[in-house]
Amino acid sequence: MAETNNEQCLVQLNPPQNSVLSFNSSSFQSLSNNSHEVELMSCSLDDPLESLNLIDAVQRLGLEYRFQTEIDAILEHHYAIFVDHDGDCMNDNDLHEVALRFRLLRQRGYFVSSDVFNIFMNEDGHFKQNLEHDIKGLMSLYEASQLCLPGENKLNEAQNFSSKILREYITNDNIDNKEANHVARTLANPYHTSFSKFMVKDYFGVGDDELLHATNNKWVHAFQQVAKMDFNIAQNMHQQELVQFTRWWKETGLGKALPFARDQPLKWYICSLVCLIDPCFSDERIELSKAVSFVYLIDDMFDIYGSLDQLTLFTEAVRRWDIAMTEALPECMRICFKSLYDMTNEISSKIYKKHGWNPINSLQKSWAKLCDAFLVEGRWFDCGESPSAEEYLKNGVVSTGVHVVLVHAFFFLGQSITNQTVHLLDNDPLIISSPATILRLHDDLGTAKDENQEGYDGSYVNYYMIHNQDVSVDTTRKHMANLISNSWKNLNKECLSFNSPFPAAFIQASLSIARFVPILYGYDKNQRLPTLEKLVKSMLYEKVHI
């Protein structure tokens, strides 16, 4: 996913070769089989709210993947009751329960109408002011509002109403600091739109009473210990994966052959880890990291090395997938294409052997689209052309490289591969273009400058203001924030899995990219990425004490 350089603030985190602890792939299964938490998830809970709180706790502790069957059974039961009662449920005057049920069902792909919140609204279509004292309910309402679909005015109103009261609440000097911190975390990182694995440790370092007070969810403590063990096992595996990928990168020699390009194996691996977070996708993460690396290498080649004629020839070689066409190019560009060619063919062969489908045509098309988009940007810059903001964004969505990453991820997952889904992938469906739009606009909203790159590929802010000269920077940024919000709504619509031709794991990969974007672009005034640094340290190097 091409963007500005941030490896300078991550390079010191590279692990020594001997830092990896032993890992057995059966560790996760044995941990699950031996834990009493399985019995908790399997038990029949008489209290509907408790079952919802239980699922919420499991998700926030990063254990959802281990209890998919149990979670599905509980939510299917809730949805059946919801349908049987025509949208009315027990305790439908409890804002927390209604909002939590709404969020969990929508996250699982069930369509639940936002009309469930009508009981909390007055005749004017606004939420009742007496809800301002129900902080727990408002937090759940704010969380639920993140799953807004296009045209859902009720959820827009819900987000504005809940966020306004919650922000005012945390400025009150008379409230408990722990509760204020919990509310602030919710506002900053609502579960649906945030990279939840980054927040897992928030529930590790507190005792029973403090945890219950902060989260209002007793189930968090019930699963706390197994979540800690699970985290450490995953961390060991991720360390090994990084070592394997770094070894591959060094063996390619591309770092030396392409001296103009970024040398950032840690960041490339983190991108693949975010995309495919489930522990069972270990081999897939390593392979996806290879594809991510070439997105960055080719981006740098277009930005700061090749001439327009050379880049045009390189793009045509990628379109035709023909090594012979690169003979007239400089050696480093020939090496880049040959390495891309070999890697893609090798990946296609592995996928064919594992899943029975050869994806070479789709993978090659994804690289051709990326080069086409880079070439368009190069031509704009070369001739001094200023495209419209809409034209720039349409091309810029492709030049993020998100489609390359997700097309590769789709075939690595090996699920629901049909002529229909492959055709959809080749034509940039919303499940791909939405996170790519979010990434492009976040990138252009940022103020980070790449000290190691001399290239220039434009900005939505610049082009929008060129063609709208009476518009201020603040107005432009608000417009872009609305575009990001609309892209999230489109992505939410695509993620209603019962209507989607794509498998749940692929949908999660798309969501994960969108969730990771604020972390990837969370620059501080020193052009560093403190949140990303913290994420890398947390997930790869800081062991949890049990």
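Predicted model, so just to flag it, every value in this text is computed and none were measured.

Remarks on the overall build of the protein
Each helix and strand counted, the protein has 25 helices and zero strands in total. Long-range pairs, those at least 24 residues apart, make up 75% of the contacts in the protein between residues at least 6 apart in sequence. Summed over all atoms, the accessible surface of the protein reaches about 23,700 Å², with 48% contributed by carbon and sulfur.

Observations regarding unusual backbone geometry
Among all residues except glycine, the phi angle is most often negative; among peptide bonds, the trans geometry is most common. Of note in this structure, Trp-321 is not a glycine but carries a positive phi near 55°. Structurally, Trp-321 is set in the loop between helix H15 (308-320) and helix H16 (331-355). Looking at Trp-321, the relative accessible area reads 14%, which means it is buried. Positive phi is not limited to glycine here, since Ser-416 has a value of about 55°. Mapped onto the elements of the fold, Ser-416 is located in the loop between helix H19 (402-413) and helix H20 (419-425). According to the relative accessible area criterion, Ser-416 is partly exposed, its value standing at 36%.

Here's the deal with the pattern of salt bridges
Overall, the coordinates contain 27 salt bridges when judged by the stated rule. Among the ionic pairs, Glu-241 bridges to Arg-285, the shortest N-O distance being 2.9 Å. Taken as a pair, Glu-241 in helix H11 (residues 224-252) and Arg-285 in helix H14 (residues 282-304) lie far apart in primary sequence, 44 residues in all. Classification of Glu-241 as buried rests on a relative accessible area of 0%.

Section: the packing of aromatic side chains
Under the definition given, this model contains 24 aromatic pairs. With a centroid separation of 6.2 Å and an interplanar angle of 20°, the aromatic rings of Tyr-79 and Phe-82 are classed as stacked. Taken together, the positions of Tyr-79 and Phe-82, both in helix H4 (residues 68-84) and three residues apart, correspond to about one turn of that helix. On the basis of relative accessible area, Phe-82 is assigned to the buried category, the value being 11%. On the basis of an interplanar angle of 55° and a centroid distance of 5.2 Å, the ring pair of Tyr-392 and Tyr-463 is categorised as tilted. Remark: Tyr-463 occurs in helix H22 (residues 460-467) and Tyr-392 occurs in helix H18 (residues 389-399); sequence separation between them is 71 residues. Taking the relative accessible area as the measure of exposure, Tyr-463 reaches 7% and is therefore buried. Each member of the aromatic cluster is reached from another via a ring pair, and the members are Phe-302, Phe-314, Trp-321, Phe-337, Tyr-341 and Phe-374.

Some points on the packing of H14 against H15
The contact between H14 and H15 brings their axes to 9 Å, and the two run at 150°. Looking at the two axes, H14 sits roughly antiparallel to H15. With respect to the hand of their crossing, H14 and H15 are arranged in left-handed fashion. Across the interface between the two elements, Ile-298, Met-301 and Phe-302 of H14 pack against Leu-311, Phe-314 and Thr-315 of H15. When its residues are assigned to classes, the contact of H14 with H15 shows five nonpolar, one polar and no charged.

Things to note about helix H23 (residues 473-494)
Because an α-helix packs 3.6 residues into every turn, residues spaced three or four apart end up facing the same way. The end-to-end C-alpha distance of H23 is 32 Å, a good match for the 32 Å that 22 residues give at a rise of 1.5 Å each. Within H23 the residues assigned to the buried category are Thr-476, Met-480, Ile-484, Ser-487, Trp-488, Lys-489, Leu-491 and Asn-492.

Some thoughts on the side chain of Ser-362
With respect to the helices, strands and loops of the structure, Ser-362 is situated in helix H17 (residues 360-383). Of the polar contacts made by the side chain of Ser-362, one reaches the side chain of Asp-426; its length is 3.2 Å. With residues near it in sequence (within four places) discarded, Ser-362 still touches Val-407, Phe-411, Val-422 and Asp-426.

So, the packing of H17 against H18
Running from N to C, H17 and H18 cross one another at 135°; their axes reach a closest spacing of 8 Å. With respect to H18, the axis of H17 lies oblique. As H17 runs across H18, the sense of the crossing is left-handed. Here Lys-369, Leu-370, Ala-373, Phe-374, Val-376, Glu-377 and Trp-380 of H17 come into contact with H18, specifically with Glu-391, Tyr-392, Asn-395, Gly-396, Val-398 and Ser-399.

Details of helix H13 (residues 265-275)
Counting buried residues in H13 gives 11 out of 11 residues, a clear majority hidden from the surface. Buried-residue contacts for H13 involve H11, H14, H19, helix H24 (504-520) and helix H25 (530-541).

So, how was this worked out
- Residues numbered from 1 in each chain as written.
- Predicted model: local features only at pLDDT ≥ 70, side-chain atom pairs only at ≥ 80, totals over all residues.
- Heavy atoms only, no water.
- Helix = DSSP H or I, 4+ residues; strand = E, 2+ residues; numbered from the N terminus.
- Contact = heavy atoms within 4.5 Å.
- Areas by Shrake-Rupley, 256 points an atom, 1.4 Å probe, with all protein chains shown as cover.
- Buried < 20%, exposed > 50% of the residue type's maximum accessible area, 1.4 Å probe, protein only.
- Salt bridge = Lys/Arg side-chain N within 4 Å of Asp/Glu carboxyl O.
- Phe/Tyr/Trp six-rings, centres within 6.5 Å; stacked < 30°, edge-to-face > 60°.
- Axes fitted to C-alpha atoms, helices over the stretch in contact; angles between N-to-C directions.
- Parallel < 35°, antiparallel > 145°, perpendicular 65-115°, else oblique.
- Left-handed = near helix turned anticlockwise from the far one by under 90°.
- Nonpolar A, V, L, I, M, F, W, Y, C, P; charged D, E, K, R; others polar.
- Expected span 1.5 Å × (residues − 1).
- Polar contact = N/O pair within 3.5 Å; in protein donor to acceptor, adjacent residues only side chain to side chain.

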